[in-house]
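Close look at the chain arrangement
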Amino acid sequence: MKTKKIPLRMCTGCGEMFDKRTLVRVVKSPDGEVSLDLTGKKAGRGAYVCKNTECLKKARKKRAFERAFSMQISDEVYSSMEEEMKNA
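Here is a short report on the structure shown in this document. (Residues numbered from 1 in each chain as written. Predicted model: local features only at pLDDT ≥ 70, side-chain atom pairs only at ≥ 80, totals over all residues. Heavy atoms only, no water.)

This brings us to unusual backbone geometry. Phi is positive for arginine 63, close to 55°, though the residue is something other than glycine. Tracing the sequence through the fold places arginine 63 in the loop between helix 1 (53-62) and helix 2 (64-69). Arginine 63 sits in the partly exposed class, given a relative accessible area of 46%. Backbone geometry at serine 70 places phi at a positive 50°, although glycine is not the residue there. Assignment of secondary structure puts serine 70 in the loop between helix 2 and helix 3 (75-87). Exposure remark for serine 70: the relative accessible area of 67% places this residue in the exposed category. (Helix = DSSP H or I, 4+ residues; strand = E, 2+ residues; numbered from the N terminus. Buried < 20%, exposed > 50% of the residue type's maximum accessible area, 1.4 Å probe, protein only.)

Written as structure tokens, this is what we have:
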């Protein structure tokens, strides 16, 4: 009997490995827009973060998303992602 492999991803905030479904995907779309992908289906380059705002703040402090996406990310984008995460 084969066991199904669970895809693991690393949180960009705390650096721990988690089941992909327990994390929130942050995506850089082909036109360069960075946003939260709560469905996990948006097109583009993805990075993952825990579902708490503390890990999002850690990732912001470490500039983890900026390194993952090779671009500058404005404070407004981070603020809107934080707000969206609180409401989700």
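Still more ground to cover, so stick around.
Enumeration over the complete set of coordinates arrives at one aromatic pair. Ring geometry for phenylalanine 65 versus phenylalanine 69: centroids 6.3 Å apart, planes at 10°, classification stacked. With phenylalanine 65 and phenylalanine 69 both in helix 2, this residue pair falls four residues apart, about one helical turn. Taking relative accessible area as the criterion, phenylalanine 65 reaches 0% and is therefore assigned buried. (Phe/Tyr/Trp six-rings, centres within 6.5 Å; stacked < 30°, edge-to-face > 60°.)

A few words on helix 1. The set of residues buried in helix 1 consists of Thr53, Cys55, Leu56 and Ala59. Taken down its axis, helix 1 places every buried residue within 160° of arc, on the same side. Buried residues along helix 1 sit in contact with strand 5 (45-49), helix 2 and helix 3. Looking at the residues trailing helix 1, positive phi occurs at arginine 63, about 55°. (Arc of directions from axis to C-beta. Contact = heavy atoms within 4.5 Å.)

The three strands are arranged 4-3-5 in an open sheet whose pairing can be described as antiparallel. At either end of the open sheet lies a strand with only one pairing partner, and these are strand 4 (34-37) and strand 5. Strand-to-strand, the axes of this sheet are offset by a mean angle of 30°, without reference to chain direction. Pairing geometry for strand 3 (residues 24-28) and strand 4, over four bridges, is antiparallel. Paired with valine 26 across the bridge in strand 4 is leucine 36. Most of the contacts of helix 3 go to strand 4, to which it runs at about 10°, and overall it touches strand 3, strand 4 and strand 5. (Pairing = 2+ DSSP bridges. Axes fitted to C-alpha atoms, helices over the stretch in contact; angles between N-to-C directions.)

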